[in-house]
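Fold and geometry: a report
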Amino acid sequence: MTGNNGQVRTREEYKKAKQEAVQKTKAEKLQKTEAAPAPKTDKRVRTRLIPIWLRLVLLLASIIICVMAGATVGYGVLGGGNVGDVFKESTWTHIIDLVDKE
């Protein structure tokens, strides 16, 4: 390990010089960051119009409404049955018995 002028340096001197160089570069970086203004970040904060939990509730409600409307149209209009019978338990047990029939 030789210095700039060709002299042999001890391990301690080498470590000290290296530590000083690291501190010097840190100080230069700190000066650069202090001198330059911080870049503006125009991040938009998004405020949700409809919260996620309300979206899930609306999704579940729309699924239930669509299933009920589909059953009403399918059983009452296309199947020729009474529209009000769709909501009776006996109608559904009869349909399940027809499907499970062997």
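Residues numbered from 1 in each chain as written. Predicted model: local features only at pLDDT ≥ 70, side-chain atom pairs only at ≥ 80, totals over all residues. Heavy atoms only, no water.

1. Details of the side chain of threonine 72
Selection criterion: In this text, helices come from DSSP runs of H or I with a minimum length of four residues, and strands from runs of E with a minimum of two, each type numbered from the N-terminal end. Think of it in three bands: residues with accessible area under 20% of the maximum for their type are buried, residues over 50% are exposed, and the middle band is partly exposed, with areas taken using a 1.4 Å probe on protein chains only. Any pair of N or O atoms that falls within 3.5 Å is considered a polar contact. Within protein, one atom must be able to donate a hydrogen and the other to accept it, and sequence-neighbouring residues count only if both atoms are side-chain atoms. The criterion used for residue contact is that any of the two residues' heavy atoms lie within 4.5 Å.
Counting through the fold element by element, threonine 72 comes out in helix H2 (residues 52-78). Residue class for threonine 72 comes out buried when judged on its relative accessible area of 17%. In this structure the side chain of threonine 72 is engaged in a polar contact, spanning 2.7 Å, whose partner is the backbone oxygen of methionine 68. Apart from the residues lying within four places of it in its own chain, the contact partners of threonine 72 are Val77, Val83, Val86 and Phe87.

2. Things to note about the pattern of salt bridges
Under the convention used in this document: Salt bridges, as used here, are contacts in which a Lys or Arg side-chain nitrogen is within 4 Å of a carboxyl oxygen on Asp or Glu.
Under the definition given, this model contains 1 salt bridge. Between aspartate 85 and lysine 88 there is a salt bridge; the shortest N-O distance is 3.2 Å. For lysine 88, a relative accessible area of 46% gives the class partly exposed.

3. A few points about the environment of phenylalanine 87
Along the polypeptide, phenylalanine 87 turns up in the loop between H2 and helix H3 (89-100). Taking the C-alpha atoms as reference points, phenylalanine 87 and alanine 71, separated by 16 residues in sequence, lie 9.1 Å from one another. In this structure phenylalanine 87 touches Met68 and Thr72, once residues within four positions along its chain are discounted.

4. Considerations on H3
This is how it is decided: To estimate the expected span of a helix, count its residues, drop one, and scale the result by 1.5 Å.
Here H3 is 12 residues long and its end C-alpha atoms lie 16 Å apart, about the 16 Å a rise of 1.5 Å per residue gives. Within H3, only 1 of the 12 residues are buried, which leaves the element largely exposed.

5. Description of the side chain of threonine 91
Along the polypeptide, threonine 91 turns up in helix H3. Apart from residues lying up to four places away in sequence, threonine 91 is in contact with Tyr75 and Asp85.

6. Examining the confidence of the model for the protein
Put simply, the test is: Each residue gets a pLDDT score, which is the predictor's confidence in that residue and runs from 0 to 100.
On average, the protein scores 83 in pLDDT, and the residues at 70 or more come to 86%. The element-level mean pLDDT for the protein is lowest in helix H1 (residues 11-35), coming to 82, with H2 highest at 94.

7. Brief notes about H2
An α-helical turn contains 3.6 residues, so a residue and the one three or four places further along point in the same direction. If you check H2, its first and last C-alpha atoms are 37 Å apart, about what 27 residues at 1.5 Å a residue would give, namely 39 Å. Among the residues of H2, those classed as buried are Ala71, Thr72 and Gly76. Buried-residue contacts for H2 involve H3. Looking one or two places after H2, you find glycine 80, whose phi comes out positive at around 80°.

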